[in-house]
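# Reading the structure
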Amino acid sequence: MTPIQRSSNFELLRILSIVLILLMHTYSQVQNNDMTSGNFYLGVLINSIGNIGVSCFILISGYFGINFKKFKFIQLIILTTFYSIVLYLINYGFTISNELFNALLVIPLYKNWFIACYLILMLLSPYLNAYISASTKKNQEKLLMILFIVFSVLPTIFNTPYYTILTGGGKCLVYMIFLYLIGRYIRIYRNKNVKKKKAAGLFLLMTAIICSLNIGMGFLLKKPCSIYALDCSPFILISAISVFYLFKSFVFQSNLINYLASSTIAVYLLDGLRLFVDSHIIHLHIYSNSNQLLFLLTTEVVLVFTMSIFIDKLRIFLLGKWEENTINWTLQRYTKAEKI
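Described below are features of the structure shown in this document.

## Thoughts on the overall build of the chain
- When helices and strands are tallied, the chain shows 14 helices and zero strands.
- Along the chain direction, N to C, the helices and strands of the chain fall in the order α-α-α-α-α-α-α-α-α-α-α-α-α-α.
- Radius of gyration (C-alpha) of the chain: 21 Å, near the 20 Å computed for a compact globule of 340 residues.
- For the chain, the spread of C-alpha atoms along the principal axes amounts to about 65 × 55 × 40 Å.
- Out of the 340 residues belonging to the chain, those deemed buried represent 46%.
- Pairs at least 24 residues apart make up 81% of the contacts formed inside the chain by residues separated by at least 6 positions.
- Accessible surface for the chain amounts to roughly 17900 Å². Of this, 67% is attributable to carbon and sulfur atoms.
- Within the chain, one finds 28 positive and 12 negative side-chain charges whose respective centroids are separated by 14 Å.

## Details of the pattern of salt bridges
- For the structure shown, the criterion picks out six salt bridges.
- When the shortest N-O distance is used, the salt bridge between Arg274 and Asp271 registers 2.8 Å.
- Here Asp271 falls in the buried class, since its relative accessible area comes to 10%.

## A look at helix 1 (residues 8-27)
- With 20 residues, helix 1 should reach 28 Å at 1.5 Å per residue; the first-to-last C-alpha distance of 28 Å fits that figure.
- The buried fraction of helix 1 is high, at 15 of 20 residues.

## Remarks on the packing of helix 2 (residues 37-50) against helix 9 (residues 196-221)
- In the contact formed by helix 2 and helix 9, the axes pass within 9 Å of each other and the chain directions differ by 130 degrees. For the element pair helix 2 / helix 9, the angle class is oblique. Helix 2 and helix 9 meet at a crossing whose hand is right-handed. On helix 9, the residues that touch Tyr41, Val44, Leu45, Ser48 and Ile49 of helix 2 are Phe203, Thr207, Ile210, Cys211 and Ile215.
- For the contact of helix 2 with helix 9, the residue count by class is eight nonpolar, two polar and no charged.

## Comments concerning a positive patch on the surface
- On the surface, a cluster of positive charge is made up of Arg190, Lys192, Lys195 and Lys198.
- Note that Lys198 resides in helix 9.
- Lys198 sits in the exposed class, given a relative accessible area of 62%.

## Regarding the packing of aromatic side chains
- One pass over the structure, following the stated rule, counts 19 aromatic pairs.
- In this structure an aromatic cluster arises from ring pairing among Phe10, Tyr63, Phe64, Phe244 and Tyr245.
- Over the ring of Tyr259 we find Lys313, and its NZ or CZ is 4.0 Å from the ring centre.

## Overview of the nonpolar core
- If you look at the biggest cluster of nonpolar residues, it comprises 87 residues, and the most contacted ones within it are Ile58, Phe114, Tyr118 and Tyr175.
- The element best represented in this core is helix 8 (residues 173-189), accounting for ten residues.
- Ignoring anything within four residues of it in the chain, the contact list for Tyr118 reads Ile58, Ser61, Ile66, Leu76 and Met176.

Thresholds, definitions, all that
- Residues numbered from 1 in each chain as written.
- Predicted model: local features only at pLDDT ≥ 70, side-chain atom pairs only at ≥ 80, totals over all residues.
- Heavy atoms only, no water.
- Helix = DSSP H or I, 4+ residues; strand = E, 2+ residues; numbered from the N terminus.
- Rg over C-alpha atoms; globule rule 2.2 N^0.38 Å.
- Buried < 20%, exposed > 50% of the residue type's maximum accessible area, 1.4 Å probe, protein only.
- Contact = heavy atoms within 4.5 Å.
- Areas by Shrake-Rupley, 256 points an atom, 1.4 Å probe, with all protein chains shown as cover.
- Lys, Arg positive; Asp, Glu negative; His and termini not counted.
- Charge placed at Lys NZ, Arg CZ, Asp CG, Glu CD.
- Salt bridge = Lys/Arg side-chain N within 4 Å of Asp/Glu carboxyl O.
- Expected span 1.5 Å × (residues − 1).
- Axes fitted to C-alpha atoms, helices over the stretch in contact; angles between N-to-C directions.
- Parallel < 35°, antiparallel > 145°, perpendicular 65-115°, else oblique.
- Left-handed = near helix turned anticlockwise from the far one by under 90°.
- Nonpolar A, V, L, I, M, F, W, Y, C, P; charged D, E, K, R; others polar.
- Patch = residues over 30% accessible without salt bridge, like charges linked within 9 Å, V, L, I, M, F, W, Y side chains within 5 Å.
- Phe/Tyr/Trp six-rings, centres within 6.5 Å; stacked < 30°, edge-to-face > 60°.
- Lys NZ or Arg CZ within 6 Å of the ring centre and 35° of its normal.
- Core = buried A, V, L, I, M, F, W, Y, C linked by side-chain atoms within 4.5 Å.

Keep in mind these numbers describe shape, not what the thing actually does.
Put into structure tokens, the structure is as follows:
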């Protein structure tokens with residue numbers, strides 16, 4: 001789809017999702033024992049909101065559906081590997097180490113969990129879409145309820161998301177498939193507008209519950225708690241769905257937003273720029289006990305986001321045509337090999 005054909009409300013949600021992820025990752029560089037209580041609670045709030053980023057992104061993919069295309073599949077592999085190498089050169093220079101090996105083989109080694117899962121989701125999408133088309137609404141609702149209980153409710157209640165088949169508190173393929181199915185279900189059976197106040201109110205309520213539970217549980221356990229803000233948390237899921245419906249209710253077109261949103265994957269892949277910015281410009285860890293932290297944190301996120309967009313647009317300008325020709329040549333060779 002061309003940028004003008006894309007719905008800018010969903011494109012804006014893509015941008016917001018990536019910014020939230022970047023904000024959460026950037027804050028993780030700050031934490032130490034000298035942190036003030038205000039900055040600590042700021043972190044609790046950031047995690048309570050930030051972890052809806054991935055969920056919103058996959059809900060959008062599910063809502064519009066993934067139509068598997070070999071070109072897009074190869075392009076994502078090339079893009080991920082290219083930016084992995086770029087980040088290595090930025091953060092480590094022209095040296096040889098194990099990190100260079102990881103950068104070159106970022107895809108087969110599954111070093112980027114989100115991209116690895118998304119690539120597999122792309123491969124599975126024709127079969128998932130076929131199931132959805134052939135299945136009844138009732139059967140889909142039963143499946144979603146089962147997945148909700150075993151992948152969200154139980155791991156959260158028993159505080160075991162890291163020690164079950166649910167890897168990384170929801171940062172895994174099975175949970176991504178679950179989110180994709182929810183997105184498809186919304187498109188087919190719940191494709192209606194929800195009042196903005198209701199959606200926003202539910203989001204604020206979930207955020208308050210997540211913050212309260214994490215702070216309360218942390219007080220009881222006498223250590224920081226983030227269980228209720230993990231990707232697989234039912235509160236995070238409800239929060240993500242409410243934000244999805246909130247943005248769904250906005251209908252508008254913006255070439256600028258669509259232009260920026262076309263590079264959201266690049267922003268995610270260049271997330272490691274924050275390490276360079278932090279070590280050479282901002283030095284966030286110094287301000288863990290300062291009231292300037294929020295301002296500097298926001299500044300670093302804006303810098304990394306802007307730099308990532310600039311790098312991606314420069315890549316497209318310099319290498320876009322070569323990349324397109326290379327992928328098309330590869331696909332042509334593959335097609336000829338299949339016929340032999």
